[in-house]
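# Coordinate analysis (summary)
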Amino acid sequence: ATPAPKPAPKPAPAPTKVAPSKAADGGTTTVYRVEGAGNARLKIDAGGGVALRGKGMLFLNFGDQARAAAFQQKRLAQGFSDTVIKKFDVPTAYVDSLRQRAVPEDLAKLLPGRPLVVDVTKARDQFGLRPEHLPELMRNIIPGSGRVGM
């Protein structure tokens, strides 16, 4: 007797808008930053390289494209006509690490070495990275993944 055929595997659930996984090896998450000339911190070159300027806290949106688009529209409506969305990819494991370490803004002074969870009423995975966290961020940016626009 021949064995019964195995049932087809169930399809994987569709990725959510928050921290979407794009790769089978743990996935990547797209990081968004809405900026114009007055608050420009990211420089994206033609090859997708990402450079960072400035030394203060850097506020980033990890994985929520709709939030980035809404914030860009808000800034444009406020008269900041040069506002663009800059984005790049990081391993999702890095985002998981930020989630584990980040603290609410009201604990910022008590835990000065930790990233901050910000805009909690707007979206998940919105972080303020302190200057000491920026080298780690730069190490985690996937080379060539930088781009401007949606």
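Each remark here, short or long, concerns the structure printed above.
Everything in this summary refers to the structure shown in the same document. What you see is a predicted model; the values in this text were computed from it and never measured.

### Some points on the sheet that holds strand 9 (residues 147-148)
Taken together, the 7 strands give an open sheet; going across it, the order is 6-7-8-4-1-5-9, and neighbouring strands pair in mixed fashion. Where the open sheet ends on each side, the last strands, each with one partner, are strand 6 (103-104) and strand 9. In the sheet, strand 1 (residues 28-35) pairs with strand 4 (residues 58-62) via 2 bridges, with the strands oriented antiparallel. Bridge pairing in strand 4 links Tyr32 to Asn61. Contacts from helix 1 (residues 65-77) reach strand 1, strand 4, strand 5 (84-91) and strand 8 (126-129), with the element oriented near 5° to strand 1. Of the strands in this sheet, strand 1, strand 4, strand 5, strand 6 and strand 8 are in contact with helix 2 (residues 92-101), which crosses strand 5 at around 95°.

### Examining the side chain of Lys87
Structurally, Lys87 can be placed in strand 5. Although Lys87 is buried, it makes no salt bridge; Asp89 carries the closest opposite charge, 7.7 Å away. Here Gly149 takes part through its backbone oxygen, which lies 3.2 Å from a polar atom of the side chain of Lys87. If sequence neighbours within four positions are ignored, Lys87 has contacts with Thr30, Val31, Tyr32, Ile44, Ser145, Gly146, Arg147, Gly149 and Met150.

### Observations concerning the pairing of strand 1
Within a regular strand, the side chains alternate between the two sheet faces. In terms of residue burial, strand 1 counts as a mostly covered element, since 8 of its 8 residues are buried. Burial along strand 1 is two-sided: the residues Thr28, Thr30, Tyr32 and Val34 and Thr29, Val31, Arg33 and Glu35 are all buried. The pairing of strand 1 with strand 5 spans 8 bridges and is antiparallel. Bridge pairing in strand 5 places Arg33 opposite Lys86.

Criteria and thresholds
- Residues numbered from 1 in each chain as written.
- Predicted model: local features only at pLDDT ≥ 70, side-chain atom pairs only at ≥ 80, totals over all residues.
- Heavy atoms only, no water.
- Pairing = 2+ DSSP bridges.
- Helix = DSSP H or I, 4+ residues; strand = E, 2+ residues; numbered from the N terminus.
- Contact = heavy atoms within 4.5 Å.
- Axes fitted to C-alpha atoms, helices over the stretch in contact; angles between N-to-C directions.
- Buried < 20%, exposed > 50% of the residue type's maximum accessible area, 1.4 Å probe, protein only.
- Lys, Arg positive; Asp, Glu negative; His and termini not counted.
- Salt bridge = Lys/Arg side-chain N within 4 Å of Asp/Glu carboxyl O.
- Polar contact = N/O pair within 3.5 Å; in protein donor to acceptor, adjacent residues only side chain to side chain.

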